[in-house]
Amino acid sequence: MDCSSLFYSLDMVAVNGHTLNMEQRAALQTSATLLKKRHRFRRLLFWGKILGLKVDYFIVQGRGEDELKEKTFLYSINCLEWFTLPRVTDTMIEQVAIKAKGRFYGDPAHVYEADDENEKTRVTEEHRLAVAVHQIESEVSVVPRGAFIKMARGMVQVNRSFAGLSYTEAAKLENYLHFTEPQHLKNKSLLEMADLNPAYDFLDPLSVDVPNGWCLQFECARTVCTIRSLLWPGLIFYHVPMTVQYGYIYIGDGLRNLDLPFML
């Protein structure tokens, strides 16, 4: 959710228990302005909070000119001092999956160590945090259809003419898209591709997920549409139909729900 409308956006998801206290809101609002100017981001979004045993990690996301490809994540434990998360690699993901288990400790310098047959690998909690944020962003980041447009040069930018989904459109899961590189779009047939608008339909809809771990419902007297992820509990997306107000936030323990296939 955009830091420029942070207070309003948090109120939209507060009904589900996802919120920040007044001290955290004030600190985040102040530091967000400085972060955006220092790193020269075009937009700065509050991504969420990963809960730790000692302290929690606050995550923000900075975006460049290309909203889809130019993403930078920063973390903090006090909403004042921010540090850039390391870039995630396949090797890092594999090491974290093997070595890091259980809840986050809340100490970026904490080391997960385990002896392999041939070598001893060393994984810090900062690396684990980067992998968790990367996986959540890749698997369950959500935007409404039409909110972003793909330009002729291939860049993805905010669609200034987007006026929000209608109430009928907002009730359908197919009108919400994964805001990450598409995985299923290339598998569509030519007949299916003929019905798509390349300027808007360049992302995968949530309706193609297998298993489909999404829960869509209307809140606040049917004025706000919310979508919860069952794969990553703690991820919630909101959209106010007929307006440009939308966003998502993750507040959870950073653990994937591996039991999802048995729950459906």
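Anything mentioned here points back to the structure above.
Since we're looking at a predicted model, the values are computed, not measured.

Here is what the cut-offs are and how they apply
Residues numbered from 1 in each chain as written. Predicted model: local features only at pLDDT ≥ 70, side-chain atom pairs only at ≥ 80, totals over all residues. Heavy atoms only, no water. Helix = DSSP H or I, 4+ residues; strand = E, 2+ residues; numbered from the N terminus. Rg over C-alpha atoms; globule rule 2.2 N^0.38 Å. Buried < 20%, exposed > 50% of the residue type's maximum accessible area, 1.4 Å probe, protein only. Contact = heavy atoms within 4.5 Å. Phe/Tyr/Trp six-rings, centres within 6.5 Å; stacked < 30°, edge-to-face > 60°. Lys NZ or Arg CZ within 6 Å of the ring centre and 35° of its normal. Pairing = 2+ DSSP bridges. Axes fitted to C-alpha atoms, helices over the stretch in contact; angles between N-to-C directions. Expected span 1.5 Å × (residues − 1). Polar contact = N/O pair within 3.5 Å; in protein donor to acceptor, adjacent residues only side chain to side chain. Parallel < 35°, antiparallel > 145°, perpendicular 65-115°, else oblique. Nonpolar A, V, L, I, M, F, W, Y, C, P; charged D, E, K, R; others polar. Salt bridge = Lys/Arg side-chain N within 4 Å of Asp/Glu carboxyl O.

Participant: Any details on the overall build of the protein chain? Residues and values, ideally.
Facilitator: The secondary structure content of the protein chain amounts to seven helices and 14 strands. Its C-alpha radius of gyration of 19 Å places the protein chain within 12% of the 18 Å reference for a compact globule of 264 residues. Overall, the protein chain is about 55 × 45 × 40 Å in size when its C-alpha atoms are taken along their principal axes. Per-residue burial for the protein chain yields a buried fraction of 47% across its 264 residues. Considering only contacts in the protein chain between residues 6 or more positions apart, those separated by 24 or more positions represent 57%.

Participant: How would you explain the packing of aromatic side chains if you had to name every residue and give the values?
Facilitator: Enumeration according to the criterion identifies nine aromatic pairs in this entry. For the ring pair F162 and Y246, a centre distance of 6.2 Å and an interplane angle of 85 degrees mean the geometry is edge-to-face. You can see F162 sitting in the loop between β9 (156–158) and α5 (167–170) and its partner Y246 sitting in strand β14 (residues 246–252), a full 84 residues away along the chain. Y246 matches F162 in its accessibility class, with the two residues each being buried. Members of the aromatic cluster, connected to one another through ring pairs, are Y57, Y75, F83 and F104. Seen from the ring of F7, R25 lies directly overhead, with NZ or CZ sitting 5.6 Å from the centre. In this arrangement the basic side chain of R222 is found over the ring face of F218, its NZ or CZ atom lying 4.4 Å from the centre.

Participant: An account of the environment of L129 is requested, with residue identities and associated values reported.
Facilitator: Within the secondary structure layout, L129 lies in helix α4 (residues 125–140). For L129, a relative accessible area of 0% gives the class buried. Linking L129 and A27, residues 102 residues apart in sequence, is a C-alpha distance of 22 Å.

Participant: Give me the sheet that holds strand β1 (residues 43–50): which residues, what numbers.
Facilitator: With mixed pairing, eight strands are arranged side by side in an open sheet as β4-β3-β2-β1-β14-β13-β12-β11. A single partner strand is all that each edge strand has here, and the edge strands are β4 (83–84) and β11 (214–219). Here strand β2 (residues 57–63) runs beside strand β3 (residues 71–76); their pairing, made up of six bridges, is antiparallel. For F58, the partnering residue across the bridge sits in β3 and is S76. On top of the sheet, helix α2 (residues 22–39) reaches β1, β2, β3 and β4; it is set at about 135 degrees to β1, its chief contact. Set on the sheet, α4 makes contact with β1, β2, β3, β4, β11, β12 (224–229), β13 (235–239) and β14; between it and β1 the angle comes to about 110 degrees.

Participant: So what's going on with α2? Residues and values would help.
Facilitator: Between its terminal C-alpha atoms α2 stretches 26 Å, which fits the 26 Å expected from 18 residues at 1.5 Å a residue. Within the sequence span of α2, burial applies to Q24, R25, A27, L28, S31, A32 and L35. At its buried positions, α2 is contacted by α1 (6–13), β1, β2 and β3. The opening residue of α2 is N21, an N-cap whose side-chain oxygen sits 3.2 Å from the backbone nitrogen of E23.

Participant: Can you lay out the packing of α1 against α2 for me, pointing to particular residues and giving the numbers?
Facilitator: Remark: α1 packs on α2, axes separated minimally by 11 Å, with the N-to-C direction vectors making an angle of 140 degrees. Taken together, the axis directions place α1 and α2 in an arrangement best described as oblique. Each of L6, F7, L10 and D11 in α1 lies in contact with α2, whose residues at this interface are R25, L28 and Q29. Classifying every residue of the contact of α1 with α2 gives four nonpolar, one polar and two charged.

Participant: Explain the pattern of salt bridges to me, using residue names and the numbers behind them.
Facilitator: Using the criterion set out here, one finds eight salt bridges in the structure. Between D2 and R43 there is a salt bridge whose closest N-O contact spans 3.4 Å. Residue D2 is found in the segment before α1, and its partner R43 is found in strand β1; the two are separated by 41 residues along the sequence. Notably, a salt bridge pairs R228 with E219, separated by 3.1 Å at the nearest N-O pair. A network of salt bridges, in which partner residues are shared, links D2, R43, R63 and E67.

In short, geometric facts, not functional conclusions.
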